Amino acid sequence: MIWRLLICFSLGALTAAGATLSGRVMLRDSRADAVNKRMDFSGVVVSAQPAGGLSLPQSPVHATMLQKGKMFIPHILPVMSGTTVDFPNSDPIFHNAFSSFSGQIFDVGLYPPGTSRAVRFTRPGVLRVFCNIHPAMSAIILVFNTPWFVTTLKDGSFEMNVPPGEYELSVFHERATERELTSLARRVAVQEPALQVPPISISEAEYLVAPHKNKYGHDYPPSSNDQAVYPGVRN
């Protein structure tokens, strides 16, 4: 995708020479059909932060989170701090992306079809993104102080190229608790040519679906009505 190509291109100088860090993530105790029936372990973000808390300079990179079919695409978007994320609206209705969770609070306001808004993210953290008009729309933006992160494939595998050294290896999965994810963090020493870490098993046992509020902290109306903001369009 375009946002991945932009990130890879801008960080190419940092990862031109190094070692391969790879492994596999498995999901367990899940209630999701994608996991239980299709063995889909994709969508887990694995990051490698240089040990010692080293923060790399923020880079002027652009990424995109598209709004189409009343969905945010991609659903999970990892970026490095300093990245500007564009929120183009490709639906025939108005949207209003916002986040009031940890990380960087933002609200791009209500805007019409065929237009876009942008937010530059400078604070590392987890941002849960919603639309103030359509409660079913949700996404996650992960902001890192490191260029070394990757999203798992369907079989749970991951691979990234990093300079040799020590790293704090962390994982993020939206259906795992913070306590579970914290317990899985580990320090790894990467040497050339490669390091393959032992399998990482993430439990979804304590995951609970909780309704979210709109940007004003209120409950959404009982049903979404696009005609209220875009006359002539039917659900």
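Quick caveat, the model's predicted, so the values are computed rather than measured.

1. Looking at the layout of surface pockets
For step 1, the next point in the chain: Quantified by volume, the largest pocket comes out at close to 1200 Å³.
For step 2, the next point in the chain: Considering the residues around the largest pocket, the lining is formed by 43 residues, among which Val126, Arg128, Ile140, Phe172 and Glu174 are closest to the centre.
For step 3, the next point in the chain: Elements with a contribution of two residues or more to the lining of the largest pocket: β2 (45–50), β11 (125–131), β12 (138–144), β15 (165–172) and α4 (178–184).
For step 4, the next point in the chain: A per-element tally of the lining of the largest pocket places β12 first, with six residues.
For step 5, the next point in the chain: Looking at the lining of the largest pocket residue by residue, the class counts come to 22 nonpolar, 14 polar and seven charged.

2. So, the pattern of salt bridges
For step 1, the next point in the chain: Summed over all chains, the structure comprises seven salt bridges.
For step 2, the next point in the chain: In this structure, a network of salt bridges that share partners links the residues Glu166, Glu168 and Arg187.

3. Notes on the confidence of the model for the protein chain
For step 1, the next point in the chain: For the protein chain, per-residue confidence averages 87 on the pLDDT scale, and residues scoring 70 or more make up 85% of the total.
For step 2, the next point in the chain: The low-confidence segment residues 1–16 (pLDDT under 50) makes 23 contacts with residues lying over four places distant or belonging to another chain.

Each value, and the rule that gives it
Residues numbered from 1 in each chain as written. Predicted model: local features only at pLDDT ≥ 70, side-chain atom pairs only at ≥ 80, totals over all residues. Heavy atoms only, no water. 1 Å grid on protein atoms, 1.4 Å probe; cavity = no way out; pocket = protein on both sides within 12 Å on 5 of 7 lines; lining within 4 Å. Points joined across faces, edges and corners; volume = space filled by probe spheres on them. Helix = DSSP H or I, 4+ residues; strand = E, 2+ residues; numbered from the N terminus. Nonpolar A, V, L, I, M, F, W, Y, C, P; charged D, E, K, R; others polar. Salt bridge = Lys/Arg side-chain N within 4 Å of Asp/Glu carboxyl O. pLDDT = per-residue confidence, 0-100. Contact = heavy atoms within 4.5 Å.

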